[in-house]
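Descriptive analysis of the structure
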Amino acid sequence: MQFRRMLKELDWGVLANVFLIIILGLVLIASATRATSPDDVLGLAKTQLLWVFSGLLLMFGSLYIPYDDFPRYAKFLYLFNLVMLVTVLFAGREALGAQRWIKIGPFSLQPSEFAKDIITITLANYLAARQGQIDKLSDFIRVFVHIGVPMLLILKQPDLGTSLVFVAITFAQLYVAGANRKLLFSLFGGGLVLAIGWIALHLHFPQIWIPLKEYQLNRLIIFLDPWKDMQGAGYHVIQSQIAIGSGGFWGKGLFRGSQNQLNFLPEQHTDFIFSVLGEELGFIGASVLLVLYLTLFWQLIRIGQQAKDLLGSLLVAGVVAKLAFHTFINIGMTCGIMPVTGIPLPFVSYGGSAMWSNLLSVGLALNVYLRRKKLSF
């Protein structure tokens, strides 16, 4: 009976949008991996489907815990998050120059993906308990300490992209929490100017220390002129731009993209899967996906506006900030207008940890929607 009532009260519009994006992603993964596994075209797509089904179980399972109860578990979740991230540093598996994964049997999980959802919950709880009290610089410093500890552990992996997602979540939740707007924008604007200035100084005076590895720095700035290192750091951006540009208005057709099928395009089933979409389905296909994303964000924002309390609004604000930031940065880097940070495209890029995390994020929003009014579950 409880499950039936829950199904009846769900926002099926949000789920329909998510399902459509996932289906498109499965098709693109099959196309992106055809050249590397011609004997099993659906190989990684089938694996991704497994991640989708298991992620849906996690999402629906999370709905049984009322979000009002999250404050009880906030401290435990925060500590659990730190333990996960510390474990990665000492026992994590290294790949592509980063140590971000934990091997569990035949699977590899990326704790930093789940750290985004945990920080969304714990920071929302922290701010909701201090409604109207984030007004002075010292109040902001306490918030930055809250997110700063897990951020430093993630930067140590190194994972700059996830650290930037933390910043987006924090800004969105502080804004919704009613923090001092003038100080909020001054701090984030000043931080952005400081970061850019620090990088610029390091480029002119290499002896100036910067908390980034050389390849991370190259990725951050190469999008400005990828042709100056066309066989190195700029290769990804150049091949991505060629793929998207060659797709034209209608695209070359599924499984017919030359950049993809001839393996010119790197990481085509993960970070650069939007390039596969642009080449094979063209401007029309890319527009359809963008409309689906924009509709999803609008639906989630509406859920946040309908929340019965500040905690619910903050949770949804964190979810929207995470998914929107991922989408904006990923599509921007494939088009060559944003730095390459290794952030996957939500529900589309291949990856189990990212799929689970994104579906759990949707579960958070649906949890708020289910309890937007007093219901007996």
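Cut-offs and rules
Every chain begins its residue count from 1, and numbering advances along the sequence as written. Reporting of local features is limited, given that this is a predicted model, to residues whose pLDDT is at least 70; pairs of side-chain atoms are given and counted only at 80 or more, and all residues count toward the totals for whole chains, interfaces and linings. Processing note: side-chain calculations cover all non-hydrogen atoms of the structure and skip hydrogens and water entirely. Orientation is described by lines fitted to C-alpha atoms, with helices fitted over the stretch in contact, and by angles between N-to-C directions that extend from 0 to 180 degrees. Runs of H or I in DSSP of at least four residues are treated as helices and runs of E of at least two as strands, each being numbered from the N terminus. Angles below 35 degrees are treated as roughly parallel, those above 145 as roughly antiparallel, those between 65 and 115 as roughly perpendicular, and all remaining angles as oblique. Note on convention: near helix rotated counterclockwise from far helix by under a right angle means a left-handed crossing. Clockwise means right-handed. We call Asp, Glu, Lys and Arg charged. Ala, Val, Leu, Ile, Met, Phe, Trp, Tyr, Cys and Pro are nonpolar, and the rest, Gly among them, are polar. Note on contacts: a residue pair is in contact if any heavy atoms of the two residues lie within 4.5 Å. UniProt positions are given in the numbering used here, feature names are shortened, and annotations may be inferred rather than shown by experiment. Pairing of N or O atoms within 3.5 Å defines a polar contact, subject to two protein rules: one partner must be a possible hydrogen donor and the other a possible acceptor, and residues neighboring in sequence count only if both atoms are side-chain atoms. Categorising residues by exposure relies on relative accessible area from a 1.4 Å probe, with only protein chains included: less than 20% of the type maximum marks a residue as buried, more than 50% marks it as exposed, and the intermediate range marks it as partly exposed. To estimate the expected span of a helix, subtract one from its residue number and multiply by 1.5 Å. Buried residues of nine kinds, namely Ala, Val, Leu, Ile, Met, Phe, Trp, Tyr and Cys, make up a nonpolar core once their side-chain atoms join them within 4.5 Å. We call Phe, Tyr and Trp rings a pair once their centres come within 6.5 Å, taking the six-membered ring for Trp, and we label the pair stacked below 30 degrees between planes, edge-to-face above 60, and tilted otherwise. As a reminder, the over-ring test applies to NZ of lysine and CZ of arginine, requiring each to be within 6 Å of the ring centre and within 35 degrees of the ring normal. The term salt bridge refers to a side-chain nitrogen of Lys or Arg lying within 4 Å of a carboxyl oxygen of Asp or Glu.

What about the packing of helix H2 (residues 12-32) against helix H12 (residues 273-306)?
Following both chains from N to C, one finds H2 and H12 inclined at 160°, their axes separated by 10 Å at the closest point. Judged on the interaxial angle alone, H12 and H2 are roughly antiparallel. Here the hand of the crossing between H2 and H12 comes out left-handed. A breakdown of the residues in the contact of H2 with H12 according to their chemical character gives 18 nonpolar, 6 polar and 1 charged.

Thoughts on the packing of helix H6 (residues 137-155) against helix H7 (residues 160-176)
A pair of packed helices is captured by two measures, namely the crossing angle of their axes and the spacing between those axes. Where H6 contacts H7, the two axes come as close as 9 Å, and the packing angle between them is 160°. As far as their axial angle goes, H7 and H6 are roughly antiparallel. H6 and H7 meet at a crossing whose hand is right-handed. Contacts between H6 and H7 involve Phe140, Val143, Phe144, Ile147, Pro150, Met151, Ile154 and Leu155 from the former and Leu160, Thr162, Ser163, Phe166, Val167, Thr170 and Leu174 from the latter. Taken together, the residues of the contact of H6 with H7 break down into 12 nonpolar, 3 polar and no charged.

Here's the deal with the UniProt feature "transmembrane region" (unreviewed entry) in the protein chain
UniProt feature "transmembrane region" (unreviewed entry): in the numbering of this structure it lies at residues 12-29, 49-67, 73-92, 160-177, 184-205, 281-298, 310-329 and 349-370. Along residues 184-205 the backbone is 95% helical and 0% strand, and the end-to-end C-alpha distance reaches 31 Å.

Quick look at the environment of Ser275
Mapped onto the elements, Ser275 comes out in helix H12. Considered as a pair, Ser275 and Ile331 are 56 residues apart in the sequence and their alpha carbons are 8.5 Å apart. Beyond its immediate chain neighbours, meaning those up to four positions away, Ser275 contacts Ser240, Ala243, Ile244, Leu265 and Thr334. Polar contacts involving the side chain of Ser275 include one to the side chain of Ser240, which spans 2.6 Å.

A word on the side chain of Ser361
Assignment of secondary structure puts Ser361 in helix H14 (residues 352-370). Exposure remark for Ser361: the relative accessible area of 1% places this residue in the buried category.

Structural notes on unusual backbone geometry
Both trends apply: most residues other than glycine have a negative phi, and most peptide bonds are in trans. With phi around 65°, Phe255 is a residue other than glycine that occupies positive phi space. As for its placement among the helices and strands, Phe255 is situated in the loop between helix H10 (235-247) and helix H11 (258-261). We note that Phe347 has phi near 70°; this positive angle belongs to a residue other than glycine. Secondary-structure assignment places Phe347 in the loop between helix H13 (310-335) and H14.

A closer look at helix H5 (residues 111-128)
Helix length check: H5 (18 residues) gives 25 Å between terminal C-alpha atoms against 26 Å at 1.5 Å per residue, within 8%. Counting buried positions along H5 gives 17 out of 18 residues, so the element sits mostly inside the fold.

Considerations on helix H9 (residues 214-222)
Along an α-helix, a turn takes 3.6 residues, which lines up residues three or four apart on a common side. Taken residue by residue, H9 has Gln216, Leu217, Leu220, Ile221 and Ile222 as its buried positions. Against H7 and helix H8 (181-204) lie the buried residues of H9.

Digging into the nonpolar core
Core analysis: the biggest nonpolar cluster contains 92 residues, and Leu127, Leu289, Leu300 and Phe347 have the highest contact counts within it. Of all the elements, H12 adds the most residues to this core, at 12 residues. For Leu300, the contacting residues outside a window of four places in its chain are Val14, Val316, Val319, Val320, Leu323 and Ala365. Leu160, Ile210, Leu212 and Ile221 belong to the second largest nonpolar core, which has 7 residues in total.

Regarding the packing of aromatic side chains
Inspection of the entire model under this criterion finds 12 aromatic pairs. Judged by centre distance (4.9 Å) and plane angle (85°), the ring pair of Phe171 and Phe188 falls under edge-to-face. With Phe171 in helix H7 and Phe188 in helix H8, the pair connects residues that are 17 residues apart, well separated along the chain. Residue Phe188 is classed as partly exposed on the basis of its relative accessible area of 21%. A network of ring pairs unites the aromatic residues Phe140, Phe144, Phe171, Tyr175, Phe185 and Phe188 as a single cluster. The ring of Tyr126 has Arg130 sitting right over it, with the charged end atom 3.7 Å from the ring centre. Taking the ring centre of Tyr369 as reference, the NZ or CZ of Arg372 above it sits at 3.9 Å.

Focus: the pattern of salt bridges
Applying the stated criterion across every chain yields a total of 8 salt bridges. With its nearest N and O atoms 3.7 Å apart, the salt bridge here joins Lys136 to Asp139. Arg142 is the partner of Asp139 in a salt bridge, and the nearest nitrogen-oxygen pair spans 3.2 Å. With Asp139 and Arg142 both in helix H6 and 3 residues apart, this pair spans about one turn of that helix. Here Asp139 falls in the buried class, since its relative accessible area comes to 8%. Given a relative accessible area of 48%, Arg142 falls into the partly exposed group. One continuous salt-bridge network, built from bridges that share partners, spans Lys136, Asp139 and Arg142.

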